[in-house]
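A closer look at the structure
Below are the chains, spelled out letter by letter.
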Amino acid sequence: MGDTVVNINQLVKRYRENVAVDHFSLEVKKGEILGLLGPNGSGKTTTISCLLSLLSYDKGEISIFGKPMSPTAYDIKNKIGIVMQNVAVVNTLTVEENISFFCGLYVRDRLLRKQYTEEAMEFCGLTDYRRQFPKKLSGGLLRRLNIACGIAHKPELIIFDEPTVAIDPQSRNAILEGIREMNRNGATIIYTSHYMEEVEELCSRIVIMDHGKNVAEGTAASLKASLRNRETICIELPVRDPETIRGLSEINHVYDVREDKDSILIRCDGGEHNLVHIINYLVEHNLPFGRVTTALPTLNDVFLEITGKELRD
Ligand SMILES: Nc1ncnc2c1ncn2[C@@H]1O[C@H](COP(=O)(O)OP(=O)(O)O)[C@@H](O)[C@H]1O
Ligand SMILES: [Mg+2]
């Protein structure tokens, strides 16, 4: 297919007896921002490392830009930008020198490299810090430098592995906006994260990963539409007994009732006026309640319904 950028077919990667990636398949089309969403340890980084031939694997086929990927496929590698989870910059080089160095791995022409370095600094908001050394930078700036080093050569495919973990909201927003702009400029993006809000906000399509498997894929809207869950009602209810929980469970359209500290979480699978029926029940049974909120399904609900556990850690 002409517009397929990445094709991973039935990838298996084991670390001794631990199956980190388990028959995982993924197709990414040109122009997509593909979100790879999964909890810590689900196999995202391992998949990316295999995709880039940084790691050998046990089974499966990987092709990028329609050609088989291999450790020596330099024509493919030249067109890929990588921003890995662990910041990898040279501590003895300044911000500007770092970007120029990494850009120089792909771009030989000196003038062009200088121009690209300048543009990457500008793009990542690092121009004011060009003569600083990485050790002097805050966490957010260091992440931005890591990104600038990965994208300066203007790659067609850019892979971000959890680029916003443990950074301030301002840097985070700058990074997400930067990724959108790279995508508007034509780059295909693979973005891994365990933050569902972020993936939902940024990505045109989402693949949910758990225990090395591709457990669901689609747009945020189509994933949610496939759910049984239509509404989750949260009620502060400090005083309750098993009878209350059972009674609430038996209300029409309620399919799951969970206790969470002072509150109960009630999941409904459709219907109208669910809240009214639930409140009526509490009033009829003389059960004093506090704050009531209702929420539409989230990607966490998608994950919960598929895997039986919460995505949040
Ligand atoms: N170098 C390694 N050696 C052994 N096991 C590893 C190594 N890297 C990752 N793993 C294991 O592989 C699984 C997937 O890890 P990883 O790909 O890092 O997940 P994620 O990036 O989604 O957090 C985990 O069980 C992890 O403990
Ligand atoms: Mg990881």
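In what follows, the structure referred to is the one given above.
Here's a quick rundown of the structure. The model shown is predicted, which means the values in this text are computed figures rather than measured ones.

A look at unusual backbone geometry
Phi at Q10 takes a positive value of approximately 55°, unusual for a residue other than glycine. Mapped onto the secondary structure, Q10 falls in strand β1 (residues 4–15). On the basis of relative accessible area, Q10 is assigned to the partly exposed category, the value being 37%. A positive phi angle, close to 50°, is found at K261, a residue other than glycine. Mapped onto the elements of the fold, K261 is located in the loop between β12 (254–260) and β13 (263–268). Classification of K261 by relative accessible area gives exposed; the value is 76%.

So, the coordination of the magnesium ion (ligand 2)
Of the protein atoms, only T45 (OG1) and Q85 (OE1) coordinate the magnesium ion (ligand 2), at distances of 2.0 to 2.4 Å. Here T45, found in helix α1 (residues 44–51), pairs with Q85, found in the loop between β6 (80–83) and α3 (95–104); they are 40 residues apart in sequence, far enough to count as distant. For T45, a relative accessible area of 29% corresponds to the partly exposed category.

With respect to the nonpolar core
Of all hydrophobic cores here, the largest spans 46 residues; its most connected members are I99, L126, F160, I189 and I206. The element best represented in this core is helix α5 (residues 139–151), accounting for six residues. Counting 26 residues, the second largest nonpolar core, distinct from the first, contains L11, A20, V28 and L157.

Quick notes on the sheet that holds strand β4 (residues 59–64)
Strand order in this open sheet of four strands is β2-β1-β4-β5, and the pairing throughout is antiparallel. In the strand order of this sheet, the two ends are held by β2 (18–29) and β5 (67–68), each with one partner. Along the sheet face, α1 touches β1, β2 and β4 and points at about 115° away from the line of β1.

Quick word on the pattern of salt bridges
Per the stated rule, a full pass over the model turns up 25 salt bridges. One salt bridge connects E162 with K44, and the closest N-O pair in it is separated by 3.3 Å. Of this pair, E162 sits in the loop between β7 (157–161) and α6 (169–184) while K44 sits in helix α1, placing them 118 residues apart in sequence. In this structure E162 comes out as buried when scored by relative accessible area, which is 4%.

Re the site of ligand 1
The environment of ligand 1 is made up of Y15, N18, A20, P39, N40, G41, S42, G43, K44, T45 and T46. Here an oxygen atom of ligand 1 sits 3.2 Å away from a polar atom, N or O, in the main chain of S42. Look at ligand 1: alone it shows 560 Å² of surface, and the protein chains cover 59% of it. For the shell around ligand 1, the secondary structure elements donating two or more residues are β2 and α1. Residue contributions to the shell around ligand 1 peak at three residues, all from α1. Looking at side-chain class alone, the shell around ligand 1 contains three nonpolar, seven polar and one charged residues.

Some remarks on the packing of helix α9 (residues 242–249) against helix α10 (residues 274–284)
Between α9 and α10, the shortest axis-to-axis distance is 10 Å and the interhelical angle comes to 145°. Regarding α9 and α10, the two cross each other, and that crossing is right-handed. Across from E243, T244, G247 and L248 in α9, the residues of α10 making contact are I278, Y281 and L282. Tallied by class, residues from the contact of α9 with α10 come to four nonpolar, two polar and one charged.

Observations concerning the packing of aromatic side chains
Per the stated rule, a full pass over the model turns up two aromatic pairs. Residues F101 and F102 carry aromatic rings whose centres are separated by 5.1 Å and whose planes lie at 80° to one another, so their mutual orientation is edge-to-face. Their ring planes at 45° and their centres at 6.4 Å tell us that F160 and Y191 sit as a pair that is tilted. Of the two residues, F160 sits in strand β7 while Y191 sits in strand β8 (residues 188–193), which places them 31 residues apart along the sequence. Under the relative-accessibility criterion, F160 is labelled buried at 0%. The side chain of K154 reaches across the aromatic face of Y116, ending 4.9 Å from its centre.

Parameters and conventions
Residues numbered from 1 in each chain as written. Chains lettered and ligands numbered in written order. Predicted model: local features only at pLDDT ≥ 70, side-chain atom pairs only at ≥ 80, totals over all residues. Heavy atoms only, no water. Helix = DSSP H or I, 4+ residues; strand = E, 2+ residues; numbered from the N terminus. Buried < 20%, exposed > 50% of the residue type's maximum accessible area, 1.4 Å probe, protein only. Donors = N, O, S within 2.8 Å, 3.2 Å for Na, K, Ca; no water. Core = buried A, V, L, I, M, F, W, Y, C linked by side-chain atoms within 4.5 Å. Pairing = 2+ DSSP bridges. Contact = heavy atoms within 4.5 Å. Axes fitted to C-alpha atoms, helices over the stretch in contact; angles between N-to-C directions. Salt bridge = Lys/Arg side-chain N within 4 Å of Asp/Glu carboxyl O. Near = heavy atom within 4 Å. Polar contact = N/O pair within 3.5 Å; in protein donor to acceptor, adjacent residues only side chain to side chain. Areas by Shrake-Rupley, 256 points an atom, 1.4 Å probe, with all protein chains shown as cover. Nonpolar A, V, L, I, M, F, W, Y, C, P; charged D, E, K, R; others polar. Left-handed = near helix turned anticlockwise from the far one by under 90°. Phe/Tyr/Trp six-rings, centres within 6.5 Å; stacked < 30°, edge-to-face > 60°. Lys NZ or Arg CZ within 6 Å of the ring centre and 35° of its normal.

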